[in-house]
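# Summary of structural features
If you want the building blocks of each chain, they are given just below.
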Amino acid sequence: MGKSLLFFFQLLTAVLAALIFVLIFKPELLQGPAPVVEITEQAPAPALADEARNRGPVSYADAVERSAAAVVNIYTAKLVTEQRSPLLDDPFFRRFFGDQLPAPRQRLETSLGSGVIMSPNGYILTNNHVIQGADEVRVALANGNTPLATVIGTDPETDLAVLKINYIRLPAITLGKSDALRVGDVVLAIGNPFGVGQTVTLGIVSATGRSQLGINTFENFIQTDAAINPGNSGGALINAHGQLVGINTAIFSKTGGSQGIGFAIPAALARDVMEQIIENGHVVRGWLGVEAQNLGPELAESFNLEAGAGVVIAGVLRRGPAEEAGLRPGDILTHINDAHIDSSFTLLNTIAAHKPGETLVLRILRDGKELELSAKVAERPQSQI
């Protein structure tokens, strides 16, 4: 009996001690359940999404950091001889003044532009008009060095030029897929506007495939509202990931400054031109020796055709590939191989895309009859612009 009472009191003491402990240190255990409040909270974004967001609307600093060192400033110098008055070459003046007549003056003309390092071993892409006629070309690198550059070759018909500097392990830019650009994509222009130093401007792709602007012979421009000013020519147009998608080339402006209409050569076209210049010294394009006129509504009606059904051959070069194939002025060219020709622009680009030596099937209309001619492609003569 005594042992039972002792066990009971020990158990009661233990329960009371436990209760006191709960009351002092864990009072919430004795309270009823808390009311439930439902709150919808956005799930934490994964690490990759955080990184992507930093390259998006929040900041494009990462994209610029990846590509800025590959965009260089280009300075050119040209010695220009000023023409003196024709009167000074008149025999009357020479009779009286002889050799005392002043010699023609010479002055040093400088200009600036931008360029893009395309390979670590020193190949740089820029616009032809940036270095055209220059006696000396210098490239200002991100590290402050200004080495002399050699002009490897130019392509005036696309306004591109390739330079080379004797450096290795240069910070080359990464090429993006310019063919995949969509209207509305964010792009940034990097260059040296007005010589103030490297500058980055932001915009979007306003249009793609712009052509027939009268800027170059071969046109397939990316249009952007990113500010492009004098000095930006030859600089980089990059996407939001810091990849090159275009070479800034021209603007439409009434003031000489940016008005939101700038044009860049797609990186895919620029790369092809650069590779051909490095390999061949120039760009090799197909040529037939024809001049064509668009088949507009009025002209098409006179032939009982629809507008855009083909192009009218306005001229054929004597002893050229087209004449040897039997093409005549007045013929209507509708197809080359299986490609429909709806404008002179399409004709120019279609022929240029074929290699010299290839044979093309020309489908034409002559006096209302369909004919097929075979023409052997020749190499397009180099532009002397």
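Refer to the structure printed above.
## A short note on the environment of Ser-178
- For Ser-178, the location among the structural elements is in the loop between β6 (160-164) and β7 (186-191).
- Separated by 90 residues in sequence, Ser-178 and Ala-268 have C-alpha atoms that sit 6.2 Å apart.
- With sequence-adjacent residues up to four places away left out, Ser-178 is seen in contact with Val-245, Pro-266, Ala-267 and Ala-268.

## Regarding helix α6 (residues 267-280)
- Compared with the 20 Å implied by 1.5 Å per residue over 14 residues, the 20 Å span of α6 between its first and last C-alpha is a close match.
- Taken as a whole, α6 has its buried residues at Ala-267, Ala-270, Val-273, Met-274, Gln-276 and Ile-277.
- Of the surrounding secondary structure, the elements contacted by the buried residues of α6 are β3 (123-126), β5 (150-155), β6, β11 (244-251) and β12 (262-266).
- At the C-terminal side of α6, Gly-281 shows a positive phi close to 85 degrees.

## Re the layout of surface pockets
- Its boundaries defined by the atoms lining it, the largest pocket holds a volume of some 330 Å³.
- Taken together, 18 residues make up the lining of the largest pocket; nearest its centre are Asp-272, Gln-276, Arg-285, Ala-352 and Ala-353.
- Among the secondary structure elements, those contributing two or more residues to the lining of the largest pocket are α6 and α9 (344-352).
- Partitioning the lining of the largest pocket into residue classes produces eight nonpolar, six polar and four charged.
- Looking at the second largest pocket, the residues that line it are Gln-212, Trp-287, Leu-288, Gly-289, Val-290, Ala-292, Ser-344, Phe-345, Leu-347, Leu-348, Ile-351 and Arg-380.
- Counting residues per element, the ones that place at least two in the lining of the second largest pocket are β14 (290-294) and α9.
- Considering every element that reaches the lining of the second largest pocket, the biggest residue donor is α9, with five residues.
- Tallied by class, the residues present in the lining of the second largest pocket amount to eight nonpolar, three polar and one charged.

## Remarks on the sheet that holds β5
- The six strands lie next to each other as β4-β1-β2-β3-β6-β5, forming an open sheet whose pairing is antiparallel. Lying at the two open borders of the sheet, with one neighbouring strand each, are β4 (136-140) and β5. Along the sheet, successive strands turn relative to each other by an average axial angle of 30 degrees, direction set aside.
- As paired strands, β5 and β6 are joined by five bridges and run antiparallel to one another. Paired with Asp-155 across the bridge in β6 is Leu-160.

About the criteria used
Along each chain, the written sequence defines residue order, and numbers are assigned to residues from 1. The predicted nature of this model means local features are confined to residues of pLDDT at least 70 and side-chain atom pairs, given and counted, to a pLDDT of 80 or more, with totals for whole chains, interfaces and linings taken over all residues. Neither water nor hydrogens contribute to the side-chain values; these are computed over all heavy atoms in the structure. Secondary structure follows DSSP: runs of H or I at least 4 residues long count as helices, runs of E at least 2 residues long count as strands, and numbering of each begins at the N terminus. It only takes one pair of heavy atoms within 4.5 Å for two residues to be counted as in contact. In a helix, the anticipated span is given by 1.5 Å times the number of residues less one. The rule is simple: take the accessible area with a 1.4 Å probe, protein chains only, and divide by the maximum for that residue type; under 20% is buried, over 50% is exposed, in between is partly exposed. Definitions used for this entry: grid spacing 1 Å over protein atoms alone; cavity, a set of points where a 1.4 Å probe fits but cannot get out; pocket, an open set with protein on both sides within 12 Å along at least 5 of 7 lines; lining residue, one with an atom within 4 Å of a point. Grid points are joined across faces, edges and corners, and a volume is the space filled by probe spheres set on the points. Under the grouping applied here, Gly and all other residues not named as nonpolar or charged are polar, the nonpolar ones being Ala, Val, Leu, Ile, Met, Phe, Trp, Tyr, Cys and Pro and the charged ones Asp, Glu, Lys and Arg. Two strands make a pair as long as DSSP finds a minimum of two bridges between them. Lines fitted to C-alpha atoms define the axes here, with helix axes fitted over just the stretch in contact, and angles between the N-to-C directions of these axes take values from 0 to 180 degrees.

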